[in-house]
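Summary of structural features
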Amino acid sequence: MSARLANTLIPLIFNTYNLTTMQGNGLKIGLIAAFLAMTLWYLFPTIQYNLEQKQISELSPSDSLQYVDENREKLASIKERTLNLGLDLQGGMYVMLEVGTPQLILELAGENLDENLEQVVATARERALENDTDFIDEMQAEFEATAEGARLSRYFRNDAADITRRSTNQEIVTFLKAQRTEALDRAIEIIRTRVDRFGVTEPSIIKQGTDRIVVELPGVDDKQRVRNLLKGTARLEFRVAANANEFSSFIQQVYNYFDEKAAGDEGDSLNTIQPNALLEVLSPGQSPYVLGYAAEQDTAEVNALLADENIQRMMPRNTTVLWSANSLPFGVNGEEVFSLYGVKEDVELTGEVIEEATVQFDPATNIPEVSMTMNAEGARDWARITGANINKPVAIVLDGYVYTFPNVISKISNGRSSITGVENVGEADDLVNILLSGALPAPLEIVEERTVGASLGQASIDASLNSVLIGLGIVAIFMIVYYRTGGAVADLALLLNIIFILGILAGFKATLTLPGMAGIVLTIGMAVDANVLIFDRIREEQRTGKTIKAAISAGYSNAMSAIIDANITTGFVALVLLSFGVGPIKGFAVTLLAGICCSLFSAIIITRVVIDYLTRAKSDSVNFG
């Protein structure tokens, strides 16, 4: 196939080549000058940015901070136009996320969910982790093993997908896998939107397998902020506070229960005084809506104590407890203390009604908060909710944590609400980002996380540059020794070839990675290979007695087919790698493709122009060894 293409392309190139020859070298010189100018134009910001960084590094710490502060916009503008370096060259974060398929399955069951399905899902999850198998297949096997002849269709219905009570288990499994794929695709789009709003240059977000997403964020150093950005499902809910009388009674019953339990344990342990286990980790609250306050490290213990079946039976109907997202200002000994609120289980309103979210500042305290505006339908519901709960708290819940628990003073008719309690502008920006990007269809868990340090990235850059310079030096010396003047011309073309490749990468906003550097080294060999073919052909023609100009013309013409064929073949390989490869493989393919184009240009056009110039007079001669 490559030979057929070569036979088609070669005459076309010859015609172009002959046309330019007839018109002299003016067109070729103009083309070289334009290409070089364009390349330098795209590389100039990279050179400028590195010079700025060198200047900043030579300043004292205080002067460098002042310089960066005064020139922040200018530096940001230059940085945006520099050649992008990959995760392996400039450092950053590699995060592998997994879609929470078990949670997605439970949510798809909706009102049909029962204890049997929960147990099946829990067992299937353990087996899938142990055996490294597909969770949905394990769930089907476990369900059919525990209830022979039963159908999964009792839990899952979907008219759009034609899933009815008569659907077979295999049809249900196919439906669930399709739902997982849709959730994965939707999650990728949402993460891409969040990362774009976060301002990361050239992030890599790709699907891996059936339920995983790989995210590479070059240049990121705030790990916790990125974790929160990627994991947050952004499920915004508006809930009414628990009934004050019922919840106050529940609070009393809970503390009494643990008092009685401690007294019982005391009797069993030879009159040794036993403390109230709940009071050990939870301080009683003063509000009828607050079960208590706990330090961050004690919240898991409190959750475990409240999971007691007897406690759950005491809980008022349609009521649950949720932790606050932010710590209270009165922590002891620097500990962060969180509130445990009582709220209704029913969700009155969700984040789907939010049309706009912006960062605002409290006019009294100048503390940042997130202001939200609802659509018309949401505004009507919000007016109804606030009107029916005047002088009562309403909880604004994000991803299961209460961000705001304000008292409703009057009916709110304009559809506006705020999330307060954010720590800084960065957190407020991230909240706005998450809310505007939409809610994830299923929770995401970080299953692998790696951080490439900036120093390791710099070491990779240094090693790569050394390999390029050493390779270039050896090739240059060999070409000069073996082909004399012709070799020096080839070396000039080789140098321009590297500049052109970097310019193309910068111009197309491509990312230079470590494999990309390997691609450049490979291209050096390919570029010089074309000149070796041409120069050897010229030497053969000279041995037949032809003049230098005739030998040069014949040498270029006769070597062309071999050069085109070799580059087309390599180009096909690069295209395959670009189409099916991921991450570093794709970076290598991009660099290789750019290198092929540049090496053809430099070997055929640039060297010919220089050699024609050196042999412009009939008496001039070029030594090809």
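Preceding this section is the structure that the text describes.
What this report covers is the structure whose coordinates are included nearby. Going along each chain's sequence as written, the residues are numbered from 1 onward. It should be noted that, the model being predicted, local features are given only for residues of pLDDT at least 70 and side-chain atom pairs only at 80 or more, the latter also being counted only at that level, while totals for whole chains, interfaces and linings use all residues. Side-chain figures throughout are based on the complete set of non-hydrogen atoms in the structure, without hydrogens or water.

Here the focus is the overall build of the protein chain. Only runs of H or I of at least four residues qualify as helices and only runs of E of at least two qualify as strands under DSSP, and these elements are numbered from the N terminus. Counting secondary structure elements, the protein chain contains 21 helices and 17 strands. The buried share of the protein chain, reckoned over its 625 residues, is 44%. Computed with the Shrake-Rupley method and a 1.4 Å probe, the accessible areas treat only the protein chains shown as cover for residues. Counting only carbon and sulfur atoms, one obtains 54% of the accessible surface of the protein chain, whose full area is about 32100 Å². Throughout, exposure labels follow a simple rule: accessible area from a 1.4 Å probe, protein chains only, divided by the maximum for the residue type, with under 20% read as buried, over 50% as exposed, and the rest as partly exposed.

Turning our eyes to something else, we now look at the packing of helix H19 (residues 514-543) against helix H20 (residues 548-580). Think of two packed helices as two axes; the pair is described by the angle between the axes and how far apart they sit. Packing of H19 against H20 leaves a shortest axis separation of 7 Å and a crossing angle of 145°. Crossing hand, H19 versus H20: right-handed. Seen from H19, the contacting residues are Met526, Ala530, Leu533, Ile534, Arg537, Ile538, Glu541 and Gln542; seen from H20, they are Ile548, Ala551, Ile552, Ala554, Gly555, Tyr556, Asn558, Ala559, Ala562, Ile563, Asn567 and Thr570. Here the residues of the contact of H19 with H20 are counted per class, giving 13 nonpolar, five polar and two charged. To obtain an axis, a line is fitted to C-alpha atoms, over the contacting stretch when the element is a helix, and the angle between two such axes runs from 0 to 180 degrees between their N-to-C directions. Note on convention: the crossing is left-handed when the near helix lies turned anticlockwise from the far helix by less than a right angle, right-handed when the turn is clockwise. Between two residues, a contact is recorded if the distance between any of their heavy atoms is within 4.5 Å. Note that Gly is not counted as nonpolar here; it falls among the polar residues with everything else outside the nonpolar set of Ala, Val, Leu, Ile, Met, Phe, Trp, Tyr, Cys and Pro and the charged set of Asp, Glu, Lys and Arg.

Before going further, it helps to examine the packing of helix H18 (residues 485-507) against H19. The interhelical angle for the contact between H18 and H19, taken along N-to-C directions, is 145°, at an axis separation of 10 Å. Note on packing geometry: the crossing formed by H18 with H19 is right-handed. Of the residues in H19, those in contact with Gly486, Gly487, Ala490, Leu494, Asn497, Ile498, Ile501 and Leu502 of H18 are Ile520, Thr523, Ile524, Ala527, Val528, Asn531 and Phe535.

To continue, consider the pairing of strand S11 (residues 354-361). In this analysis, strands are considered paired if DSSP registers two or more bridges between them. Sheet analysis places S11 next to strand S12 (residues 368-374), joined by seven bridges and oriented antiparallel. Bridging across to S12, Val359 finds its partner in Val370. Counting the residues in the hairpin turn of S11 and S12 gives six residues, including Asn366, whose phi is positive at 60°.

Looking now at the side chain of Gln179. Here Gln179 shows up in helix H9 (residues 169-198). Since its relative accessible area comes to 19%, Gln179 is described here as buried.

Before going further, it helps to examine the side chain of Thr591. Take Thr591: it is sitting in helix H21 (residues 584-614). Take Thr591: its relative accessible area is 0%, and that puts it in the buried class. Look past the residues within four positions of Thr591 in its chain and what remains in contact with it is Ile501, Leu505, Gly516, Gly519, Ile520 and Thr523.

Attention now goes to the sheet that holds strand S6 (residues 283-284). Pairing is antiparallel across the open sheet formed by four strands, whose spatial order is S6-S7-S9-S8. At either end of the open sheet lies a strand with only one pairing partner, and these are S6 and strand S8 (319-323). Two strands pair when backbone bridges link them, and S6 and strand S7 (residues 290-295) are joined in this way by two bridges, in the antiparallel orientation. Considered in S7, the bridge of Ser283 is made with Tyr293.

Attention now moves to the nonpolar core. Note on terminology: a nonpolar core comprises buried Ala, Val, Leu, Ile, Met, Phe, Trp, Tyr and Cys residues joined through side-chain atoms within 4.5 Å. If you look at the biggest cluster of nonpolar residues, it comprises 27 residues, and the most contacted ones within it are Ile32, Phe500, Ile501, Leu505, Leu512, Phe601 and Ile606. Of all the secondary-structure elements, those providing two or more residues to this core are helix H2 (26-58), H18, H19, H20 and H21. Discounting residues that sit within four places of it in the chain, Ile606 has contacts with Ile32, Ala493, Leu496, Phe500 and Phe601. Of all hydrophobic cores here, the second largest spans 26 residues; its members include Leu494, Ala530, Ile534 and Ala603.

Before going further, it helps to spend a moment on H18. In an α-helix there are 3.6 residues to a turn, and that puts residues three or four apart on one side. If you check H18, its first and last C-alpha atoms are 33 Å apart, about what 23 residues at 1.5 Å a residue would give, namely 33 Å. Positive phi appears at Lys509, one or two residues downstream of H18, with a value of about 55°. How far a helix is expected to stretch is found by multiplying one less than its residue total by 1.5 Å.

A few words now on the pattern of salt bridges. For this analysis, a salt bridge means a side-chain nitrogen from Lys or Arg found within 4 Å of a carboxyl oxygen belonging to Asp or Glu. If you walk through the whole model with that rule in mind, you get 16 salt bridges. Residue Arg239 is joined to Glu237 by a salt bridge in which the shortest nitrogen-to-oxygen separation is 2.9 Å. You'll find Arg239 and Glu237 in the same group, each marked buried.

In strand S15 (residues 416-419), alternate side chains face the same way, and those of Ser417 and Ile419 are buried while those of Arg416 and Ser418 on the opposite face are not. Bridging between S12 and S15 involves four bridges; their strand directions are antiparallel. Opposite Val370, over in S15, you have Ile419 as the bridge partner.

In spatial order, the strands read S10-S5-S13-S14; together these four strands make up an open sheet with antiparallel pairing. Edge positions in the open sheet fall to strand S10 (349-350) and strand S14 (401-404), since each of these has one partner strand only. Strand direction decides the pairing type here: strand S13 (residues 394-398) and S14, joined by three bridges, are antiparallel. Within the sheet, the bridge partner assigned to Ile396 lies in S14 and is Thr404.

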